[in-house]
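These are the residues of each chain, in order.
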There are 4 protein chains.
Amino acid sequence: MKNSIGTSVVLTLSGESHGPMICAVLDGLAPGIPVDEEVVAAWLSRRRPQGPADTSRREKDAFSIVSGVFEGRTTGAPITILIPNEDVRSADYARTMGLARPSHADYAAHIKYAGYEDWRGGGHFSGRITAGIVAAGAIAAAALKRKGISVGTHILECAGVRDIPFDEIDPSAQIESIQEMDFPVLSDVRGAMEARILEAKAARDSVGGIVQTAVCGFPAGVGEPWFGSVEGVLANALLSIGGIKGVEFGAGFSLAGMRGSEANDAYCVKDGRVLTSTNRSGGVNGGVSNGMPLIFNAVVKPTPSIGLPQASVDMSTGAEAELCISGRHDPAIVRRVSIVVSSLTAIVLCDLLALHFGTDYLR
Amino acid sequence: MKNSIGTSVVLTLSGESHGPMICAVLDGLAPGIPVDEEVVAAWLSRRRPQGPADTSRREKDAFSIVSGVFEGRTTGAPITILIPNEDVRSADYARTMGLARPSHADYAAHIKYAGYEDWRGGGHFSGRITAGIVAAGAIAAAALKRKGISVGTHILECAGVRDIPFDEIDPSAQIESIQEMDFPVLSDVRGAMEARILEAKAARDSVGGIVQTAVCGFPAGVGEPWFGSVEGVLANALLSIGGIKGVEFGAGFSLAGMRGSEANDAYCVKDGRVLTSTNRSGGVNGGVSNGMPLIFNAVVKPTPSIGLPQASVDMSTGAEAELCISGRHDPAIVRRVSIVVSSLTAIVLCDLLALHFGTDYLR
Amino acid sequence: MKNSIGTSVVLTLSGESHGPMICAVLDGLAPGIPVDEEVVAAWLSRRRPQGPADTSRREKDAFSIVSGVFEGRTTGAPITILIPNEDVRSADYARTMGLARPSHADYAAHIKYAGYEDWRGGGHFSGRITAGIVAAGAIAAAALKRKGISVGTHILECAGVRDIPFDEIDPSAQIESIQEMDFPVLSDVRGAMEARILEAKAARDSVGGIVQTAVCGFPAGVGEPWFGSVEGVLANALLSIGGIKGVEFGAGFSLAGMRGSEANDAYCVKDGRVLTSTNRSGGVNGGVSNGMPLIFNAVVKPTPSIGLPQASVDMSTGAEAELCISGRHDPAIVRRVSIVVSSLTAIVLCDLLALHFGTDYLR
Amino acid sequence: MKNSIGTSVVLTLSGESHGPMICAVLDGLAPGIPVDEEVVAAWLSRRRPQGPADTSRREKDAFSIVSGVFEGRTTGAPITILIPNEDVRSADYARTMGLARPSHADYAAHIKYAGYEDWRGGGHFSGRITAGIVAAGAIAAAALKRKGISVGTHILECAGVRDIPFDEIDPSAQIESIQEMDFPVLSDVRGAMEARILEAKAARDSVGGIVQTAVCGFPAGVGEPWFGSVEGVLANALLSIGGIKGVEFGAGFSLAGMRGSEANDAYCVKDGRVLTSTNRSGGVNGGVSNGMPLIFNAVVKPTPSIGLPQASVDMSTGAEAELCISGRHDPAIVRRVSIVVSSLTAIVLCDLLALHFGTDYLR
């Protein structure tokens, strides 16, 4: 499968940045899940560019659901969501046509598609496609809620400014509010982050960061030991999001410097439930969920579109060339990526649950 | 798919730590690939416990290939590799029976399999299963070599001691020698690493680390933008290996602190080939290979089996209990994991190449 | 996968009979294939109800391709085709609401989807969805033509009237003309077939038949011995088409009465090419194509919607009830199914070719 | 996937006719299913050549289960079954080496695998591989029984002699006994069938037939409308079995000559259960099970290995040649295929049930 993810619950994405619309098909969700279009709209609004720290491209995201929902509930048949593209200025891109933008997909796509790719605005590689993920994710998250499962993502780090991590708080207490924030942070760091983003923007440059996700209420016993691990399927999904270049679970890369006695999560029993007193495993052992919150981080590279001149190559002639990008771009996409990560996580977890407990588990 | 990975080239793993044997089926490899059993044996020997820094369990790995190879070459039909288990001491494990070992899969497996799991030595979750990955990986790596593609993994960090990274050298110059080292490092750090491992062992504790992999010669244009990205399929594979809790590509998590102007890989043209002057992208843009070496790191947590007493839970009664593990265990598995990572990488890349270029590409 | 078929070339279908539109996403086709909207329109017109022997529901099929095609050619990214529904009269169906139509999917769907299904006009089970197959199939067939591969389906039998079979003629001579016929038959049987259909219609009844497909120019060596046989993947696809209840290859069920000496296809060599002098195998041995034309038959049951009263059950109360269906229905769908079979065949064969020869084979 | 079938419950087959053993890996079955090796042996014995009407090759089928079963029950981890090959006489085949046997896979395999195939005894294409299907199927059938689901296959027709079909009896009454018969027929036709087989054998020829399968107790609501229909997944599986060239459900090809009023299955209610008074749909509507017995037929072509001289081609030179096959062959494989069909059906149905109801449904 190429532009599809999942086995029992499957998301298929199509569309290009400058085409007429983005299309997302979400198949396999249990029948009977209420679909609230206002919630979908709210999730899309969190992905949308909003202030000076985002691109000035304005997106309305006037989506329509054209199949799979009947009388306000999922039917069990595939859900098709269409999101028209608006405020498209292909002219901005025409200026860079033929020049590969560094650390963008332009060159790799040109080789892969033998020059037939729709290059306008990154085409099918554009972050614009993630609007489809978010619309579908809003529905998947509503399905998860029926079993008390919540997904929330905050900006753990942006441009060197760091938020407090989930393991210093009780994630279940804040996950609902995080899910509804436009600028999701757990502490008072928004001002500092935005200031650094605007500094970079003023320098015609961009910044990166790290997003951190918690999933509360996910049952133990889900996932496979080999090749269908909870970690593997989530990482596979998240690494498809443009700009994400690494994923770590629990204590992640910091485990390299720990001893086993520090890294191991000791068991304890509270109110008859088996828990661990720490959660350095991020809720997964041997690929299988252990009943603790799933916790994972994803690194988001700085937006590759920057205003500074860069060394490029002309793909039609093969010659070196200097590139100046002048379109409207995000100096940071970390904020916008956070809701995409929550969305894709919700979809992937619906799939894992359906595989283990059956297609009707979330009904 | 559960214990299988891949679409066109597929690896299926079965077997348990204390069962009669491990079985690996590698299906879909091109016909006509020479299979050298001595090379397979050499790869297996690198995974095997070797010195005081490893477990004292001795494994002979007397494998046999019982299908898919005829007159010394692959036939195109599935290759079945059987690796008998030997020197098994279930008694060591019997003592911990019913007590969940912290940060092991015991508890998650117990819930998942409703108490029917083969718990001896971790059963199907055991690192022993990776012998099947390595035997299959040796054959896959031989297939890749026919197109000039090499995979090598070294220990970038262990117990706080750091090797030089691939991006400070030309990986293509050292990848062949790295592939054949028992203790793969790029600089003179073996002594320091082993000393730290033995320190931890003396303290009945364990240590972790980071392995770094380079793939040279991989063509541009392979991988998919959404959900079949080179990064996603590799991460999905690697995160199935016991102990790996995070994967990052190129500059990985350090991209969070960079500006776009630092993070972007400028293009250049050398001898008519399009290259980038840095490789912070790790050879992948937009999910698709760009012709530069693939570079990625995986973090290996400290071995969870340690001799120190730990807080556990008795899975049959649900009561808290203290656990002392007394079997033979690795104080560090970083060295042994490195060949497993190379092996699984080789298998996954054969799959990506077969999907893009056809099943006969590597013939 | 549920509403998707294929591995490298994948078709995903969504939409309901009385929803706003049908959506087909065709992913994985090689870049650079010319897409001629007039050809797509022509294929759709062959599926459309046309005369007194079809339903009187009029469908315009004003499709639009909203992704994956750029400057008249496929880009390699997924192709999204939207086909609005028009001339929908839900009132016709409201009358049967709650009563399961015999040999329709109503009851099975009601159980499967726990009563949440969109029941209007059969919802997602409606033959209307096949419009998406045909639009995608027209593009797939254009891709096959680039390698000289043609697909054609004729009505071998309808209401007891029999056409001549492909093995009595040279299929390659007539396959192009068959592909363009509105009422595809190889001999002068249209009048007799239509007369029998109208007889059944007058009796408020319906008739069935058999369609026969030939594929010329398909290369030898494609398909898998176990579980990916050319026969298996085609049958899996065709048996999803509403009304098809059986598929046979080559001499099919008549092989039961033959001896080996009659059934075996003797080899011969013509102009240096290895052929067989008969083709009772239908072009496939051991699941793998042998270079001869692929020939297969599919049986189409009589349309289950008939005007005669039938014994039914009220799904809300569980009580027996008499059902009279009064909407507009096809007294025979055999003619309309023939282009759907060709379309789905073309899509499946693109997938098999891409898996074996790589994604760019048809470019 | 190539030599694997299934999504949640997956069977992977490897091995060659003249290699050391056949290997079957059955993954995804619920934990806790009792595994009775005597039952597995009994199923294998039904597939084994037995009398003068079968090949004189004697197979012992001394299988061993080397993973996935612990203390007599499935663990949930993959089950590996090894079946050694014995009484192999490659010399019989050496005589035909290089000559393509008509209607065998030899030529297609030679093209597909570029001449690297293991040609001895048909290699991986051999019917010998079906021993792995039967061993795995015996375990799958035991799992189905826990929910009261039974699978049985009889010889509906062989060499022109016809047994009574399932729809003339109550299949649930005879399905258990059919499952245990060495020569499974519903009426007194064994003698006539064997006489005709021996006639063909005496003429150095072979005969074909039709097997018919019933599944009783299968719940309604399972299967998918498009591309995962119960019919499609079963047909895909069965058409991988050597010699099966067609599959039909319910009234199958005879529906072509019926009117809707004859073909439709009227609903009725008995003891509060919704049933149909006929079962021409074979238990499936719109791809989804309707709660009636699943009934389907598969045609088995005459064994292609016959003693009569045949026109062949020398694959190394490309020249025409006459072939005389002198090995030990089955004059009919219909009897032996029947247990293979039941086995594969059981495996596929376990997969469909696990997908719909979850992995633990059959526990």
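Just so we're clear, the structure is a prediction, and the values are computed from it rather than from any experiment.

Parameters and conventions
- Residues numbered from 1 in each chain as written.
- Chains lettered and ligands numbered in written order.
- Predicted model: local features only at pLDDT ≥ 70, side-chain atom pairs only at ≥ 80, totals over all residues.
- Helix = DSSP H or I, 4+ residues; strand = E, 2+ residues; numbered from the N terminus.
- Rg over C-alpha atoms; globule rule 2.2 N^0.38 Å.
- Buried ≥ 20, exposed ≤ 12 C-beta atoms within 10 Å, placed from the backbone.
- Contact = placed C-beta atoms within 7 Å.
- Least-squares fit on C-alpha atoms with pLDDT ≥ 70 in both.
- Pairing = 2+ DSSP bridges.
- Axes fitted to C-alpha atoms, helices over the stretch in contact; angles between N-to-C directions.
- Nonpolar A, V, L, I, M, F, W, Y, C, P; charged D, E, K, R; others polar.
- Core = buried A, V, L, I, M, F, W, Y, C linked by C-beta atoms within 7 Å.
- Parallel < 35°, antiparallel > 145°, perpendicular 65-115°, else oblique.
- Left-handed = near helix turned anticlockwise from the far one by under 90°.
- Arc of directions from axis to C-beta.

Draft legend 1. Expanded view of the overall build of chain A. Within chain A, the regular secondary structure consists of nine helices and 18 strands. Scaling as 2.2 N^0.38, a compact globule of 363 residues should have a C-alpha radius of gyration of about 21 Å, and chain A matches this with 21 Å. For chain A, the C-alpha atoms occupy an extent of roughly 65 × 50 × 35 Å along the three principal directions. Per-residue burial for chain A yields a buried fraction of 67% across its 363 residues. A separation of at least 24 residues holds for 75% of the contacts in chain A among residues at least 6 apart in sequence.

Draft legend 2. Up close: the relation of the copies chain C and chain A. Of the transformation superimposing chain C on chain A, the axial component is 0.0 Å and the angular component is 180 degrees, with the fit at an RMSD of 0.0 Å. The superposition operator between the copies reduces to a two-fold rotation axis. Of every C-alpha in chain C, the one belonging to Thr 12 of chain C sits nearest the axis of rotation, 4.1 Å from it. Taken as a fraction of all interface residues of chain C, those also at the interface in chain A reach 100%, which identifies the copy contact as same-surface.

Draft legend 3. Structural view of unusual backbone geometry. For Ser 103 of chain B, which is not glycine, the phi torsion reads 60 degrees and is therefore positive. Residue classification places Ser 103 of chain B among the buried residues on the basis of 31 C-beta atoms within 10 Å. Positive phi outside glycine occurs at Ala 159 of chain C, with the angle close to 50 degrees.

Draft legend 4. Geometry of the relation of the copies chain A and chain B. Once chain A is rotated about the relating axis by 180 degrees and shifted along it by 0.0 Å, it coincides with chain B to within an RMSD of 0.0 Å. By residue overlap, the copies meet face to face through one surface: 100% of the interface positions of chain A are interface positions in chain B.

Draft legend 5. The arrangement of the sheet that holds strand 1 (residues 4-5) of chain D in detail. Residues and elements named next belong to chain D. Taken in spatial order, the five strands make up an open sheet running 1-2-3-7-4, and their pairing is antiparallel. Only two strands of the sheet have a single neighbouring strand rather than two, namely strand 1 and strand 4 (64-67). With respect to the sheet, helix 4 (residues 130-145) is in contact with strand 2 (10-15), strand 3 (21-27) and strand 7 (79-84), its orientation differing from that of strand 3 by roughly 35 degrees.

Draft legend 6. Here's a closer look at the interface of chain A and chain B. With 90 residues of chain A in contact, the opposing surface of chain B contributes 90 residues. Among the elements that take part in the side of chain A that touches chain B, helix 7 (residues 230-238) of chain A stands out by supplying six residues, more than any other. When grouped by side-chain class, the residues that make up the side of chain A that touches chain B number 44 nonpolar, 34 polar and twelve charged. In this structure, strand 11 (residues 244-249) of chain A lies alongside strand 11 (residues 244-249) of chain B, joined through three bridges in antiparallel fashion.

Draft legend 7. Here's a closer look at the nonpolar core. Ranked by internal contacts, the top residues of the largest apolar core, which has 480 residues, are Ala 135 and Cys 350 of chain A, Cys 350 of chain B, Cys 350 of chain C together with Ala 135 and Cys 350 of chain D. Residue contacts for Cys 350 of chain A: discarding those within four places in its chain leaves Val 9, Leu 29, Ala 140, Ala 143, Leu 144 and Leu 362 of chain A.

Draft legend 8. Region of interest: the packing of helix 4 (residues 130-145) of chain C against helix 9 (residues 334-357) of chain C. Residues and elements named next belong to chain C. Taken N-terminus to C-terminus, the directions of helix 4 and helix 9 make an angle of 55 degrees; their axes are 7 Å apart at the nearest point. Judged by the angle between their axes, helix 4 and helix 9 are oblique. For the crossing formed where helix 4 meets helix 9, the hand is left-handed. Contacts between helix 4 and helix 9 pair Thr 130, Ile 133, Val 134, Ala 136, Gly 137, Ala 138, Ala 140, Ala 141, Ala 143 and Leu 144 from the former with Ile 339, Val 340, Ser 342, Ser 343, Leu 344, Ala 346, Ile 347, Leu 349 and Cys 350 from the latter. Classifying every residue of the contact of helix 4 with helix 9 by side-chain character gives 15 nonpolar, four polar and no charged.

Draft legend 9. Summary view of the environment of Met 193 of chain D. Residues and elements named next belong to chain D. As for its position among the elements, Met 193 is in helix 6 (residues 190-202). In this structure Met 193 comes out as buried when scored by C-beta crowding, with 25 C-beta atoms within 10 Å. Here the alpha-carbon distance between Met 193 and Ile 155, two residues 38 residues apart in the chain, equals 9.5 Å. Ignoring sequence-local partners within four residues, the contact set of Met 193 consists of Ile 155, Cys 158, Ala 159 and Val 161.

Draft legend 10. Highlighting the sheet that holds strand 10 (residues 209-216) of chain B. Judged by pairing direction, the sheet is antiparallel, and its ten strands sit side by side in the order 9(A)-8(A)-10(A)-16(A)-11(A)-11(B)-16(B)-10(B)-8(B)-9(B) without closing on themselves. Since the sheet does not close on itself, it has two edges, and those belong to strand 9 (161-162) of chain A together with strand 9 (161-162) of chain B, each with one partner. Sheet topology note: the strand 8 (residues 150-158) of chain B/strand 9 of chain B ladder contains two bridges and is antiparallel. Bridge assignment links Cys 158 of chain B to a residue of strand 9 of chain B, and that residue is Val 161 of chain B. Together, strand 8 (150-158), strand 10 (209-216) and strand 16 (294-300) of chain A form the strand contacts of helix 9 (residues 334-357) of chain A, whose direction differs from that of strand 8 of chain A by roughly 150 degrees.

Draft legend 11. Representation of the environment of Ile 79 of chain A. All names here are of chain A. Within the secondary structure, Ile 79 is located in strand 7 (residues 79-84). Look at Ile 79 and you get buried, because 26 C-beta atoms sit within 10 Å. When the C-alpha positions of Ile 79 and Val 69 are compared, they lie 6.6 Å apart, and in sequence the two are ten residues distant. The residues touching Ile 79, leaving out its near neighbours within four places in the chain, are Val 25, Leu 26, Leu 29, Ile 65, Ser 67, Gly 68, Val 69, Thr 74 and Ile 139.

Draft legend 12. Inspection of helix 1 (residues 37-47) of chain B at higher detail. Residue and element names in this part refer to chain B. All of the buried residues in helix 1 are Val 40, Trp 43, Leu 44, Arg 46 and Arg 47. The arc that holds the buried residues of helix 1, viewed along the axis, is 155 degrees, so those residues lie on one side. Buried residues along helix 1 sit against helix 4 (130-145) and helix 9 (334-357).

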